[in-house]
Number of protein chains: 2
Amino acid sequence: GRKVLIVYAHQEPKSLNGSLKRVAVEELSKQGCSVTVSDLYAMQFEPRATRNDIVGCLHNSEEFNYGVEAWEAYKRGGLSNDLIEEQKKVQEADLMIFQFPLYWFSMPAIMKGWMDRVLVQGFAHEFPNCYDSGLLKNKLALFSFTTGGSEEMYAKGGISGDIRYLLWPMQHGIMHFCGVKVLAPHICFAPEYVSEEKRKEMLIAWAQRLKTLWKEEPINCSPEWYFK
Amino acid sequence: GRKVLIVYAHQEPKSLNGSLKRVAVEELSKQGCSVTVSDLYAMQFEPRATRNDIVGCLHNSEEFNYGVEAWEAYKRGGLSNDLIEEQKKVQEADLMIFQFPLYWFSMPAIMKGWMDRVLVQGFAHEFPNCYDSGLLKNKLALFSFTTGGSEEMYAKGGISGDIRYLLWPMQHGIMHFCGVKVLAPHICFAPEYVSEEKRKEMLIAWAQRLKTLWKEEPINCSPEWYFK
């Protein structure tokens, strides 16, 4: 059975994001996948990259460089326990699903902190092992999110620009950089402004997509896909 | 005298980011500006958007919706004190400078949390008051940051793509959305891989730019600037 990690960032289980997460757990479990959820708010996940992430002495205590210290700590097994736990989950996963409401054209800070702190050098990448040779190659990622703005606002030529523009830092800058292949995003536009009926359809569409997810081809994660 | 708010996110005062921040405080103060710094790590600024941001009763305690609750709390003066403090600083500022190391094609989570929590509806925007009519119009913003990757990697056609691609969510999606006009970014490429001499030149160049900053015209914050 395949292994899936769902990194989930919503405060409210009754939200559409909460329902989308539940639908994914149910559908993927039904398929025989083993599904793990990192429920970031429930875990009170720490988003700040600080000295607390390093157990024991620093590599250079004169001048704190987070990237270098996390890298060195990773190599000697000296990262804080919460990071080691998340890295184990990533290591085992065939697919990572990121489920969140779009905050300011990006993920909520609590999820950005997960990226900042979990995907350390040595674990997820290590020059020249980045992009197609990143250390997390052979894994898949999928960004599943809800928006405040409507589909028209996020159209090419719309006031907020093509939604693909804002996917570049997340899909290419983070996932592709680590060697992860990216499946097409799953976007629920403006669920707060549609009927309960429409929201139910959104859940059904997600469950439906998941049924054939493993047959999907990753996107071509190059500038053409985003800015053609 | 003009008022400047520097939102600063680095753990180490001795870092280049720390020096860039100090240079800005010194040069702008010398010009007669009044300068305020939000030193996010030193403040242990909270990046997570949670129920703790709302003082007293919720608008809807059945189903927690952060955006709605923060909006309602703002209107009745019921946001947490740390947010009220930051909003006062924003309100008074003519210019906001964001100083940070680029983490994963974006700002560090602690700064993303500042955006998520401080720029609430009612304060920074309120439909239809967004983009050119955003509530923070008549203010300027400038993103000043350091990168890990080199200028070549961030060139058009380079492996990480034109650096402007990753500025879209921050400059357009956040600042422009709130009506803030954006000055050209200030980017120090790969300071960790250059000589001490070169790093000093980076500080001098920043001080030099700041001398004539108030004469600069904002960029044209539309897709053409980013993806032409």
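Residues numbered from 1 in each chain as written. Chains lettered and ligands numbered in written order. Predicted model: local features only at pLDDT ≥ 70, side-chain atom pairs only at ≥ 80, totals over all residues. Heavy atoms only, no water.

If you check an unreviewed UniProt entry, chain A appears there as Ribosyldihydronicotinamide dehydrogenase [quinone] from Nipponia nippon. Under the UniProt heading Sequence similarities (unreviewed entry), the entry covering chain A gives this text: "Belongs to the NAD(P)H dehydrogenase (quinone) family." Listed under Function (unreviewed entry) in UniProt, the entry text for chain A is "The enzyme apparently serves as a quinone reductase in connection with conjugation reactions of hydroquinones involved in detoxification pathways as well as in biosynthetic processes such as the vitamin K-dependent gamma-carboxylation of glutamate residues in prothrombin synthesis." (UniProt positions renumbered as here; feature names shortened; annotations may be inferred.)

A. Expanded view of the overall build of chain A. Along chain A, the regular secondary structure elements total 7 helices and 6 strands. For chain A, the sequential pattern of α-helices and β-strands runs β-α-β-α-α-β-α-β-α-β-β-α-α. Taken over C-alpha atoms, the radius of gyration comes to 18 Å for chain A, in line with the 17 Å a tight globule of 228 residues would show. Expressed as a percentage of the 228 residues in chain A, the buried residues total 57%. Partitioning the contacts of chain A with sequence separation of at least 6, the portion at a separation of at least 24 is 75%. Put simply, chain A shows about 9,600 Å² of open surface, and 51% of that area lies on carbon and sulfur atoms. Averaging the locations of the 26 positively and 28 negatively charged side chains of chain A gives two centres separated by 4 Å. (Helix = DSSP H or I, 4+ residues; strand = E, 2+ residues; numbered from the N terminus. Rg over C-alpha atoms; globule rule 2.2 N^0.38 Å. Buried < 20%, exposed > 50% of the residue type's maximum accessible area, 1.4 Å probe, protein only. Contact = heavy atoms within 4.5 Å. Areas by Shrake-Rupley, 256 points an atom, 1.4 Å probe, with all protein chains shown as cover. Lys, Arg positive; Asp, Glu negative; His and termini not counted. Charge placed at Lys NZ, Arg CZ, Asp CG, Glu CD.)

B. Representation of the UniProt feature "domain: Flavodoxin-like fold" (unreviewed entry) in chain A within the structure. The positions that UniProt labels "domain: Flavodoxin-like fold" (unreviewed entry) are, in the present scheme, residues 3-210 of chain A. With 36% helix and 15% strand, residues 3-210 of chain A has its two end C-alpha atoms placed 14 Å apart.

C. Layout of the packing of aromatic side chains. All names here are of chain B. A full pass over the atoms with the stated rule returns 37 aromatic pairs over all chains. Ring geometry for Phe98 and Phe143: centres 5.1 Å apart, planes at 25°, overall stacked. Linking Phe98 in strand E3 (residues 95-101) with Phe143 in strand E4 (residues 140-146), this pair joins segments that are 45 residues apart in sequence. Pair check on accessibility: Phe98 and Phe143 agree, each one buried. Aromatic side chains Phe100 and Phe145 sit 5.4 Å apart centroid to centroid with 20° between the ring planes, which places their arrangement in the stacked category. Taken together, the positions of Phe100 in strand E3 and Phe145 in strand E4 put the pair 45 residues apart, joining distant regions of the chain. You'll find Phe100 and Phe145 in the same group, each marked buried. Its end group placed over the ring of Trp71, Lys75 keeps NZ or CZ at 4.4 Å from the ring centre. Positioned over the ring face of Trp225 is Arg164, at 3.8 Å from the centre of the ring. (Phe/Tyr/Trp six-rings, centres within 6.5 Å; stacked < 30°, edge-to-face > 60°. Lys NZ or Arg CZ within 6 Å of the ring centre and 35° of its normal.)

D. How the structure looks around the relation of the copies chain B and chain A. In screw terms, the move from chain B to chain A is a rotation of 180° and a rise of 0.0 Å along the axis, fitting with an RMSD of 0.0 Å. Given the turn and translation reported, the copies of this chain are related as if by a two-fold rotation axis. Judged by C-alpha distance, B:Ala109 is the residue of chain B that lies nearest the rotation axis, at 2.4 Å. (Least-squares fit on C-alpha atoms with pLDDT ≥ 70 in both.)

E. Seen up close, the interface of chain B and chain A. Chain B puts 49 residues into the contact, and the matching count from chain A is 49 residues. Carbon and sulfur atoms make up 63% of the surface buried where chain B meets chain A, a total of about 4,100 Å² over both sides. Considering only the side of chain B, the residues that lose the most area to chain A are B:Arg48, B:Trp104 and B:Phe105, jointly responsible for 20% of the buried surface there. Run the count over chain B and chain A and you get 0 salt bridges. Our count for the chain B to chain A interface comes out at 24 residue pairs in polar contact (both at pLDDT 80 or more). If you list the elements that add at least two residues to the side of chain B that touches chain A, you get helix H2 (66-75), helix H4 (109-118), helix H5 (163-175) and helix H7 (223-227) of chain B. The biggest single contributor to the side of chain B that touches chain A is H5(B), with 7 residues. (Buried area = accessible area lost by both parts, 1.4 Å probe. Salt bridge = Lys/Arg side-chain N within 4 Å of Asp/Glu carboxyl O. Polar contact = N/O pair within 3.5 Å; in protein donor to acceptor, adjacent residues only side chain to side chain.)

F. Region of interest: helix H2 (residues 66-75) of chain A. Residues and elements named next belong to chain A. Listed as buried for H2 are Tyr66, Glu69, Ala70 and Ala73. Take H2 and look down its axis: the buried residues cluster within an arc of 95°, on one side only. Where H2 is buried, its residues touch helix H3 (81-92) and helix H4 (109-118). In this structure Asn65 caps H2, since a side-chain oxygen of it lies 3.2 Å from the backbone nitrogen of Gly67. Directly after H2, the chain includes Gly77, whose backbone phi takes a positive value near 70°. (Arc of directions from axis to C-beta.)

G. Spotlight on unusual backbone geometry. All names here are of chain A. Of note, the amide linkage connecting Phe127 to Pro128 takes the cis form, showing an omega dihedral of 5°. The topology assignment puts Pro128 in the loop between H4 and strand E4 (140-146). Positive phi, close to 55°, is recorded for Trp104, a residue that is not glycine. Along the chain, Trp104 falls in the loop between strand E3 (95-101) and H4. Overall, the relative accessible area of 13% leaves Trp104 in the buried class. Its identity as a non-glycine residue notwithstanding, Phe105 has a phi of 60°, on the positive side. One can find Phe105 in the loop between E3 and H4.

H. Inspection of the confidence of the model for chain A at higher detail. Of the residues in chain A, 100% have a pLDDT of 70 or more, and the chain-wide mean is 98. Taken together, the chains of this predicted complex give a pTM of 0.98 and an interface ipTM of 0.98. (pLDDT = per-residue confidence, 0-100.)

I. Representation of the pairing of E4(A). Residues and elements named next belong to chain A. Of all the 7 residues making up E4, 7 are buried; the element is thus mostly covered by neighbouring parts of the structure. Sheet topology note: the E3/E4 ladder contains 7 bridges and is parallel. Residue pairing in the sheet places Phe98 in a bridge with Phe143 of E4. Handedness of the β-α-β unit built from E3, H4 and E4 comes out right-handed. (Pairing = 2+ DSSP bridges. Right-handed = clockwise from strand over helix to strand, strands pointing away.)

J. Seen up close, the environment of A:Phe123. With respect to the helices, strands and loops of the structure, A:Phe123 is situated in the loop between H4 and E4. In contact with A:Phe123, not counting residues within four places along its chain, are A:Tyr74, A:Gln87, A:Val90, A:Gln91, A:Val118, A:Leu135 and A:Leu136.

K. Focus on the pairing of strand E2 (residues 34-39) of chain B. Residues and elements named next belong to chain B. In this structure, strand E1 (residues 3-8) lies alongside E2, joined through 6 bridges in parallel fashion. For Val4, the partnering residue across the bridge sits in E2 and is Val35. Crossover connection from E1 via helix H1 (residues 16-30) to parallel E2: handedness right-handed.

L. View of the nonpolar core. In terms of nonpolar packing, the biggest core is built from 116 residues, with A:Trp114 and B:Trp114 touching the most fellow members. Apart from residues no more than four positions distant in its own chain, B:Trp114 is found in contact with B:Leu5, B:Val7, B:Leu40, B:Phe45, B:Glu86, B:Val90, B:Met96, B:Phe98 and B:Leu119. (Core = buried A, V, L, I, M, F, W, Y, C linked by side-chain atoms within 4.5 Å.)

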